Each structure stands twice: as structure tokens, then as C-alpha cells.
Amino acid sequence: MSTPHSPESPPVRLAVVDDDPLVRAGLALMLGGADGIDLVGEGADGTEVAALVARAHPDVVLMDIRMPGMDGLAATEELRRRPGAPEVIVLTTFHADEQVLRAIRAGAAGFVLKDTPPAQIVEAVLRVAAGEPVLSPAVTRRLMARAAGEPADDRQARGARARQRFATLGEREQDVAAAVGRGGSNAEIAAALHLSVATVKTHVSRILARLGLNNRVQIALLVHDAGLLHEDEDGTGDGRLR
């Protein structure tokens, strides 16, 4: 899959935060010379993120989850609460589903594994900078399953909140949100709902703004929390609240 960056676009400003100096050096070597990316700063701990962002003004922060002092989860949550925050990509392993889920709920645009090939990390950075979260449908389903394994009381409370928020959307917005929750691309959603791709994009933007969400993955999590994917698994539902 090609990256969305074009030669005419300014380079994506990237900051790397990881407590391991060897990892930082490797990422700097890998990403510093990549076409379309400008490495503008590095940090060794979550407590350094706010000052790093204020100083370097990155478009994207590549954030390690496990760090001393303030870990990447807390740093992501704090950062994404600020107006005009950069996008965050979490560095993790497949053994950290719970942490990844928390990071996505906090507003991270996706994650990459530390052993991901360099070209794929570069592509992830460019895609996130272009507004496209980097979570495959398979990974999204994995995170949904993790969310489903939370304690029943937590699920019920989260579900009630999610259904209340979902109910604030118009009928067409609910249709589009449910389709996003099922992992549909804009083109697939447009075909299924007999809309233009541009109209789907407009609906997605309105859903994000109305619900105060950061990206499509958060829409999918909200739809899942509201229980609408379970209602729609047989393919007969329309994904709306009753």
C-alpha cells in the first residue's frame, strides 16, 4: 500500500519518545532520513512529552508504552486532552492488548510493533499524519474482543454511556457509525448505504465532532461498547438504537 504523502507536501514533523537510547537511536536512524519525514525531537520519558511538543511542534509522536516516570499511556492521555495536539502512534507488542485499548480510548491514532519493518513504520507515520488511523480490521477485532472481556459491571456502565452518546446522532449518522464499527472503508460504506464517498466522509467528520472523538477506531469502539455490533452480527440489523 502506498503512502499518502506527495513530494509537494511539507515533510511530516515527527518526535520519538522511548526510554531505551538504543531504540531511539535506531528509530532516529531509520526515520530521520526517510522521504517525507522530518525528525524534530526525541524524549526518554512521558514527563518530557509536553515540553518536547511545545518546543518541536511535531505532527506525530511515536510513543513507547512502557517507560519509567510517566508511561506512554498517561502521556498520551495528557497530550490528547490539549487543543491542537499531535497525533500519537503507540509502540508496543502483541502482548499488550489492554494497554493498546486504553491508548486508543485516549486518542492514539494506532500502534506499531517494535519489530515492524522500517518501511511499514514510515508508512504508518505518513498515514496517521494524513488522518488515517493505523489499525487493521483484524487488530481492531482483537481489541474489541479484549474490551468484551472487561468485568461485567464495567461493560454495562460503559455500554450505557455509549448508547446515550450514540443516540445523539441522526439516523444517517448512526448508519455510518455502525458501518465504521464493522470495519468498512469509506468506499464500502458509500456502496452499502447508496451514498457518495464525499458524503460518507462528511458524515464521519460530523460524527467525530459531535461525539468528541479523535478517529475512526474510537467510533468503532463506541459502536462496540453500545452493543450494536452484537445486534448486527446476523446481518439483519441496521446498527441503530431502538
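Here, every reference points to the structure presented above.
These remarks concern the structure in this document.

### Regarding the overall build of the chain
Helix and strand content of the chain: 12 helices and 5 strands. The burial tally for the chain puts 48% of its 242 residues in the buried class. Partitioning the intrachain contacts of the chain with sequence separation of at least 6 by distance along the chain shows that 67% fall at a separation of at least 24. Accessible surface, the chain: about 11,800 Å² in total, of which carbon and sulfur atoms supply 52%.

### What about the pattern of salt bridges?
Pairing between side chains of opposite charge can happen when the charged atoms of each approach one another. In total, this model carries 9 salt bridges according to the counting rule given. Between D64 and K114 there is a salt bridge, and its shortest N-O distance comes to 3.2 Å. Of the two residues, D64 is situated in strand 3 (residues 60-64) and K114 in the loop between strand 5 (110-113) and helix 5 (118-129); the sequence distance between them amounts to 50 residues. Under the relative-accessibility criterion, K114 is labelled partly exposed at 40%. Where R82 meets E78, a salt bridge forms, and the shortest distance between an N and an O atom there is 3.7 Å. Under the relative-accessibility criterion, R82 is labelled partly exposed at 42%.

### What about unusual backbone geometry?
A positive phi angle is found at H57, which is not glycine, with a value near 50°. Here H57 is to be found in the loop between helix 2 (49-56) and strand 3. Positive phi, normally seen in glycine, also occurs at H194, with a value near 60°. If you trace the backbone, H194 turns up in the loop between helix 9 (186-193) and helix 10 (197-211).

### Details of the nonpolar core
In terms of nonpolar packing, the biggest core is built from 26 residues, with V17, V49, V61, M63, L79 and V90 touching the most fellow members. Every element with two or more residues in this core is listed here: strand 1 (12-17), helix 2, strand 3, helix 3 (72-80), strand 4 (87-92), helix 4 (97-106), strand 5 and helix 11 (216-225). Residue contacts for V90: discarding those within four places in its chain leaves M63, I65, A103, A108, G110, F111 and V112. Core analysis: the second largest hydrophobic core is formed by 22 residues, F166, V176, L211 and L213 among them.

### Structural notes on the sheet that holds strand 2 (residues 37-43)
The strand order across the open sheet formed by 5 strands is 2-1-3-4-5, and the pairing between neighbours is parallel. In the strand order of this sheet, the two ends are held by strand 2 and strand 5, each with one partner. With direction set aside, neighbouring strand axes in the sheet form an average angle of 25°. Running at roughly 165° to strand 2, helix 1 (residues 21-32) makes contact with strand 1, strand 2, strand 3 and strand 4 of the sheet. This element, helix 3, spans strand 3 and strand 4 of the sheet and lies at about 155° to strand 3.

### Some remarks on the environment of R82
Mapped onto the fold, R82 is located in the loop between helix 3 and strand 4. For the pair R82 and A50, spaced 32 residues apart in sequence, the C-alpha separation works out to 9.7 Å.

### Let's talk about the environment of V204
Mapped onto the elements of the fold, V204 is located in helix 10. When the C-alpha atoms of V204 and E173 are compared, they prove to be 7.7 Å apart, with 31 residues separating the residues in sequence. Apart from residues lying up to four places away in sequence, V204 is in contact with V176, V180, N186, R216 and I219.

### Notes on helix 3
When we look at burial in helix 3, the residues that qualify are G72, L73, A75, T76, L79 and R80. Across the axial projection of helix 3, the buried residues extend over an arc of 165°, all falling on one side. At the N-terminal end of helix 3, a side-chain oxygen is found 3.1 Å from the backbone nitrogen of L73, two or three residues along, and the residue is D71.

### Considering the pairing of strand 4
Every other side chain in a regular strand lies on the same face of the sheet, so the side chains alternate between the two faces. Across the 6 residues of strand 4, 5 count as buried, placing the element largely inside the fold. Pairing of strand 3 with strand 4 involves 5 bridges; the strand directions are parallel. Along strand 4, the bridge assignment pairs V61 with V88. Following the chain from strand 3 across helix 3 to the adjacent parallel strand 4, one finds a crossover that is right-handed. Inspection of the sheet shows strand 4 paired to strand 5 by 4 bridges, in the parallel sense. Note that in strand 5 the partner of T92 across the bridge is L113.

Conventions adopted
Residues numbered from 1 in each chain as written. Predicted model: local features only at pLDDT ≥ 70, side-chain atom pairs only at ≥ 80, totals over all residues. Heavy atoms only, no water. Helix = DSSP H or I, 4+ residues; strand = E, 2+ residues; numbered from the N terminus. Buried < 20%, exposed > 50% of the residue type's maximum accessible area, 1.4 Å probe, protein only. Contact = heavy atoms within 4.5 Å. Areas by Shrake-Rupley, 256 points an atom, 1.4 Å probe, with all protein chains shown as cover. Salt bridge = Lys/Arg side-chain N within 4 Å of Asp/Glu carboxyl O. Core = buried A, V, L, I, M, F, W, Y, C linked by side-chain atoms within 4.5 Å. Pairing = 2+ DSSP bridges. Axes fitted to C-alpha atoms, helices over the stretch in contact; angles between N-to-C directions. Arc of directions from axis to C-beta. Polar contact = N/O pair within 3.5 Å; in protein donor to acceptor, adjacent residues only side chain to side chain. Right-handed = clockwise from strand over helix to strand, strands pointing away.

In short, the description is geometric, and any link to function would need to be established separately.
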